[in-house]
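In case you want the letters, here they are:
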Amino acid sequence: MIEMARYFTDEHEWIDVEGDTATVGITDYAQEQLGDIVFVEVPDVGTELDQGDDAAVVESVKAASDVYAAVSGEVIEVNEALEDEPGLVNSSAEEDGWFFRITLSDKDELDDLMDEKAYKAFIDNL
C-alpha cells in the first residue's frame, strides 16, 4: 500500500503526496479567512512550477489571493469542477476543493513543509 502523506505550507496550502504525485489545495483555515470564494484560476496542464511560484488565484467576495506552488514539478491535472463550482473550496477545502496535481521534481523540498501537528501549532499562534 502506498502511504499518502499530507504537508502544509506557511501560506496555508496543503499538499498530499502519493508516490511522485502531489495534490495541492488551500486549507480550511485559508478558506475561512477568504470568505465566500467566487472564482478560482488554476494553472494549465503542462505548466512547470518552481517551489514558491504563483500557481493559482482564488478570488472571494473579500479579496483575491495567490496560491503558491508548495513544491516544484509539472502540472498534470487540474480540478475542472472549480470552474463551475468555486464554492467547493469553501465546502470541502481539504478534499473535493483541491486545485491541481503535479509530478514532484524534487522530493527534498518536502522537508521544508510542516506536518499537520506543526501546522496546527502555526495557526494557533497567528
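Residues numbered from 1 in each chain as written. Predicted model: local features only at pLDDT ≥ 70, side-chain atom pairs only at ≥ 80, totals over all residues. Heavy atoms only, no water.

Details of the overall build of the protein
Next up, step 1: When you go through the protein residue by residue, the secondary structure sums to four helices and nine strands.
Next up, step 2: If you list the helices and strands of the protein from N to C, you get β-β-β-α-β-β-β-β-β-α-α-β-α.
Next up, step 3: In summary, the protein has a C-alpha radius of gyration of 14 Å against a globular reference of 14 Å for 126 residues, a match within 12%.
Next up, step 4: Dimensions of the protein, computed from the C-alpha atoms along their principal axes, are close to 35 × 35 × 30 Å.
Next up, step 5: Taking all 126 residues of the protein together, 43% fall into the buried category.
Next up, step 6: Accessible surface computed for the protein: about 6,900 Å², of which carbon and sulfur atoms make up 42%.
Next up, step 7: Averaging the locations of the 6 positively and 35 negatively charged side chains of the protein gives two centres separated by 9 Å. (Helix = DSSP H or I, 4+ residues; strand = E, 2+ residues; numbered from the N terminus. Rg over C-alpha atoms; globule rule 2.2 N^0.38 Å. Buried < 20%, exposed > 50% of the residue type's maximum accessible area, 1.4 Å probe, protein only. Areas by Shrake-Rupley, 256 points an atom, 1.4 Å probe, with all protein chains shown as cover. Lys, Arg positive; Asp, Glu negative; His and termini not counted. Charge placed at Lys NZ, Arg CZ, Asp CG, Glu CD.)

Some points on the sheet that holds strand E3 (residues 21-26)
Through backbone hydrogen bonds, the strands of a sheet pair up, either in parallel or in antiparallel fashion.
Next up, step 1: Pairing within the open sheet is antiparallel, and its six strands lie in the order E1-E2-E3-E9-E8-E5. Strand pairing shows two members of the sheet lacking a second neighbour, strand E1 (5-8) and strand E5 (48-49), which therefore form its edges.
Next up, step 2: As judged from the four bridges shared by E3 and strand E9 (residues 100-104), these two strands associate in the antiparallel manner. Its bridge partner lying in E9, Thr 21 is registered against Thr 103. (Pairing = 2+ DSSP bridges.)

Quick notes on the environment of Ile 102
Next up, step 1: Looking at where Ile 102 falls in the secondary structure, it is placed in strand E9.
Next up, step 2: Among the residues examined, Ile 102 registers a relative accessible area of 0% and is labelled buried.
Next up, step 3: Aside from chain neighbours lying at most four places away, what touches Ile 102 is Asp 20, Thr 21, Ala 22, Val 71, Ser 72, Gly 73, Glu 74, Val 75 and Ile 76. (Contact = heavy atoms within 4.5 Å.)

Quick look at a nonpolar patch on the surface
Next up, step 1: Residues Val 38, Phe 39 and Val 61 make up a contiguous nonpolar surface patch of about 280 Å² in total accessible area.
Next up, step 2: Here Phe 39 falls in the partly exposed class, since its relative accessible area comes to 36%. (Patch = residues over 30% accessible without salt bridge, like charges linked within 9 Å, V, L, I, M, F, W, Y side chains within 5 Å. Salt bridge = Lys/Arg side-chain N within 4 Å of Asp/Glu carboxyl O.)

A closer look at the sheet that holds strand E4 (residues 37-41)
Next up, step 1: Strand order in the open sheet formed by three strands is E4-E6-E7, with antiparallel pairing between adjacent strands. Among the strands making up the open sheet, the edge pair consists of E4 and strand E7 (64-68). Averaged over all neighbouring strand pairs, the angle between strand axes comes to 25 degrees, with direction disregarded.
Next up, step 2: Where E4 and strand E6 (residues 54-60) come together, four bridges link them in antiparallel fashion. Paired with Glu 41 across the bridge in E6 is Val 57. (Axes fitted to C-alpha atoms, helices over the stretch in contact; angles between N-to-C directions.)

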